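Overview (structure and organization)
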Amino acid sequence: MTLILGFEDYLPQAEKLALCLSFPIKQIELHQFPDGETKVTLPEKLPRNIIICRSLNQPNEKLIELIIAASAARDQGVEHITLVAPYLCYMRQDKAFKAGEAISQKIIGKLLSEYFDSVITIDPHLHRINNLVEAIPNKAAITLHASHAIANFLQQKFKQPIIIGPDEESEQWVKAIADPHQWQYTIATKQRYSDRDVDVSFSNGDSPNSTEPNLTEQDIIIVDDIASTGKTLEQAVIQIKQQNPKSISIIVTHAFFVDSAIERLNSLGVNNIWSSDSIPHPSNAFSIIDTVATQLKTDEAS
Ligand code: R5P
């Protein structure tokens, strides 16, 4: 028997996973001491195999609690621990851009590989590496994609939307969403100046081999993996609006939307803002938990 362990901040998703897999679920209890430390209490008598399900947004505290929990589980004799972290933190800093900068992807990846036998995540932000195993070494590190769930969701809402990727990196998921449905798509170019300052531009059909679709009177969907400050999306919306589309919707996998990003996007006239439940957020509109469950069922069967 495999037991799922969830934390309060991601319990509905952990419960959904348990339901999909018909596995029992129990909660890991946390108590904050006045000095800022956390007491982590696991259920007694754990089985040999457990799955810990917790997304790693706001990672600094969560990582400590997770590692304490995994160590305590080992002390109880647990043999195999899977971490399901639909949002995986610290994947973006994959190189030292300036002397002295820590390569957090490598450090956190190694840490996770020491405590977990396998790690499953959704669309981690891997930039200069292709495979999650390069970040989480020597372990079963599995990347799943939200594209199928996103396409299914959009199909219920639109007949023939045009999909927009706000930067070159987004082409992978934009293509995966658009191609199976033969939806048109286009990819913008992004210039990032700082955390909160970006420029997004479209070629507007200038390039000789451009197949840029005309956005006028069309339902436009901007797709991205992460919305952090929302500046990337905001700049894309400003550009797209110049072409007078019928509607503009935004759909992302990992929803942070910090700094009142939702309000800013709404004030630009965005019609819909949707996200997956990889990070709990009011914009959550579809689930990636079924995708995780399917992977775990396949693992069980093999
Ligand atoms: C980066 O390349 C990602 O794909 C996102 O576009 C980025 O993280 C979004 O950040 P922000 O919302 O702060 O512009």
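Structure's up top.
Residues numbered from 1 in each chain as written. Predicted model: local features only at pLDDT ≥ 70, side-chain atom pairs only at ≥ 80, totals over all residues. Heavy atoms only, no water.

**Some thoughts on the overall build of the chain**
Test applied: In DSSP terms, a helix is any run of H or I states spanning at least four residues, a strand is any run of E spanning at least two, and both are numbered starting from the N terminus. Computation of the radius of gyration draws on C-alpha atoms, with the globule rule given as 2.2 Å multiplied by the number of residues to the power 0.38. Remark: exposure states derive from per-residue accessible area (1.4 Å probe, protein chains only) relative to the maximum for the residue type, with buried under 20%, exposed over 50%, and partly exposed in between. Note that accessible areas follow from Shrake-Rupley with a 1.4 Å probe, and for residues the cover is restricted to the protein chains shown. The charge count includes Lys and Arg as positive and Asp and Glu as negative, but it does not include His or the ends of the chains. Note on charges: their place is set at NZ of Lys, CZ of Arg, CG of Asp or CD of Glu.
Scanning the chain for helices and strands turns up nine helices and 16 strands. Relative to the compact-globule value of 19 Å for 302 residues, the chain shows a C-alpha radius of gyration of 20 Å, a close match. Across the 302 residues in the chain, those meeting the buried criterion constitute 50%. Total accessible area computed for the chain in this model is approximately 14700 Å², and 47% of it derives from carbon and sulfur atoms. Side-chain charges of the chain comprise 26 positive and 38 negative groups, with the mean position of each set lying 1 Å from the other.

**Focus on the sheet that holds strand β14 (residues 247-255)**
The condition is simple: Strands are labelled as partners when DSSP assigns at least two bridges between them. Throughout, an axis means a line fitted to C-alpha atoms (over the contacting stretch in the case of helices), and angles, computed between N-to-C directions, take values from 0 to 180 degrees. Throughout, a contact is declared for two residues whenever any of their heavy atoms are within 4.5 Å.
Here we have six strands laid out as an open sheet, ordered β10-β9-β13-β14-β15-β16, and parallel in their pairing. Since the sheet does not close on itself, it has two edges, and those belong to β10 (185-187) and β16 (284-286), each with one partner. Geometrically, the sheet is characterised by an average inter-axis angle of 30 degrees between neighbouring strands, direction not taken into account. Bridge count between β14 and strand β15 (residues 272-276): four bridges; the pairing is parallel. Among the inter-strand pairings, isoleucine 250 is bridged to a residue of β15, identified as isoleucine 273. Its contacts with the sheet put helix α6 (residues 171-178) on β9 (162-165), β10 and β13 (219-227), and the angle it makes with β10 is roughly 175 degrees.

**What about the pattern of salt bridges?**
Pairs can form between side chains of opposite charge whenever their charged atoms are close. The cut-off we apply is this: The salt bridge definition used is simple: a Lys or Arg side-chain nitrogen within 4 Å of an Asp or Glu carboxyl oxygen.
Across all of its chains, the model carries 13 salt bridges by this definition. Measuring nitrogen to oxygen at the nearest pair gives 2.8 Å for the salt bridge that ties glutamate 65 to arginine 54. One end of the pair, glutamate 65, is in helix α2 (residues 59-75); the other, arginine 54, is in the loop between β5 (49-53) and α2, with eleven residues separating them in the sequence. The two residues glutamate 65 and arginine 54 agree in class, both being buried. For aspartate 167, the salt bridge identified is with lysine 190, shortest N-O distance 2.9 Å. In this pair, aspartate 167 sits in the loop between β9 and α6 while lysine 190 sits in strand β11 (residues 189-194), placing the two residues 23 residues apart along the sequence. Judged by relative accessible area, which is 5%, aspartate 167 ranks as buried. Three or more residues joined by partner-sharing salt bridges are found here, namely Asp9, Arg54, Lys62 and Glu65.

**Examining the site of the ligand**
How we decide: Working definition: residue near molecule or strand if any one of its non-hydrogen atoms lies within 4 Å of it. In protein, a polar contact requires one atom able to donate a hydrogen and another able to accept it; more generally it is a pair of N or O atoms within 3.5 Å, and residues adjacent in sequence count only if both atoms are side-chain atoms.
The full set close to the ligand counts 15 residues, and Asp224, Asp225, Thr229, Gly230 and Thr232 are the nearest of them. Here an oxygen atom of the ligand and a side-chain polar atom of aspartate 224 are 2.6 Å apart. With respect to the ligand, the backbone of serine 228 contributes an N or O atom lying 2.8 Å from an oxygen atom. Summarising the interface, the protein chains cover 94% of the accessible area of the ligand, which totals 380 Å² for the free molecule. Within the residue set of the shell around the ligand, elements represented by two or more residues are β11, β13 and α7 (231-241). With four residues, the single largest contributor to the shell around the ligand is β13.

**Considerations on the environment of glutamine 58**
By secondary structure assignment, the location of glutamine 58 is in the loop between β5 and α2. Along the primary structure glutamine 58 and aspartate 9 are separated by 49 residues, whereas in three dimensions their C-alpha atoms are 11 Å apart.

**A short note on unusual backbone geometry**
Of note, the phi angle at serine 22 is positive, near 55 degrees, even though the residue is not glycine. For serine 22, the location among the structural elements is in the loop between α1 (11-21) and β2 (25-27).

**Considerations on helix α9 (residues 289-301)**
Note the cut-off: Working rule for helices: expected span equals 1.5 Å times residues minus one. Of all possible arcs, the one meant is that of the directions from the helix axis to the C-beta atoms.
With 13 residues, α9 ought to run about 18 Å at 1.5 Å a step, and its terminal C-alpha atoms sit 18 Å apart, in line with that. Turning to α9, its buried residues number three or more, namely Ile289, Val292, Ala293, Gln295 and Leu296. Along the axis of α9, the buried positions cluster into a sector of 160 degrees, meaning they face one direction only. Projecting away from the buried face of α9 at angles above 90 degrees are the exposed residues Thr294 and Ala301. Residues of α9 that are buried sit in contact with α1, β5, β6 (80-84), β7 (118-122) and β8 (140-144).

**Observations regarding the sheet that holds β8**
Strand order across the open sheet formed by six strands is β2-β1-β5-β6-β7-β8, with parallel pairing between neighbours. Since the sheet does not close on itself, it has two edges, and those belong to β2 and β8, each with one partner. Between one strand axis and the next, the sheet turns by 20 degrees as a mean value, whatever way the strands run. Packed on one face of the sheet, α1 meets β1 (2-6), β2, β5 and β6 and runs near 165 degrees to β1.

**Topic: the pairing of β15**
Every other side chain in a regular strand lies on the same face of the sheet, so the side chains alternate between the two faces. The cut-off we apply is this: Assignment of crossover handedness uses the view with strands pointing away from the viewer, where a clockwise path from the first strand over the helix to the second indicates a right-handed crossover.
For β15, the buried fraction is high: four of the five residues fall into the buried class. Of the crossover connections in this fold, the one passing from β14 over helix α8 (residues 261-267) to the parallel β15 is right-handed. Bridge analysis of β15 against β16 gives two bridges, and the strand direction is parallel. When the sheet's bridge partners are listed, serine 275 is paired in β16 with asparagine 284.

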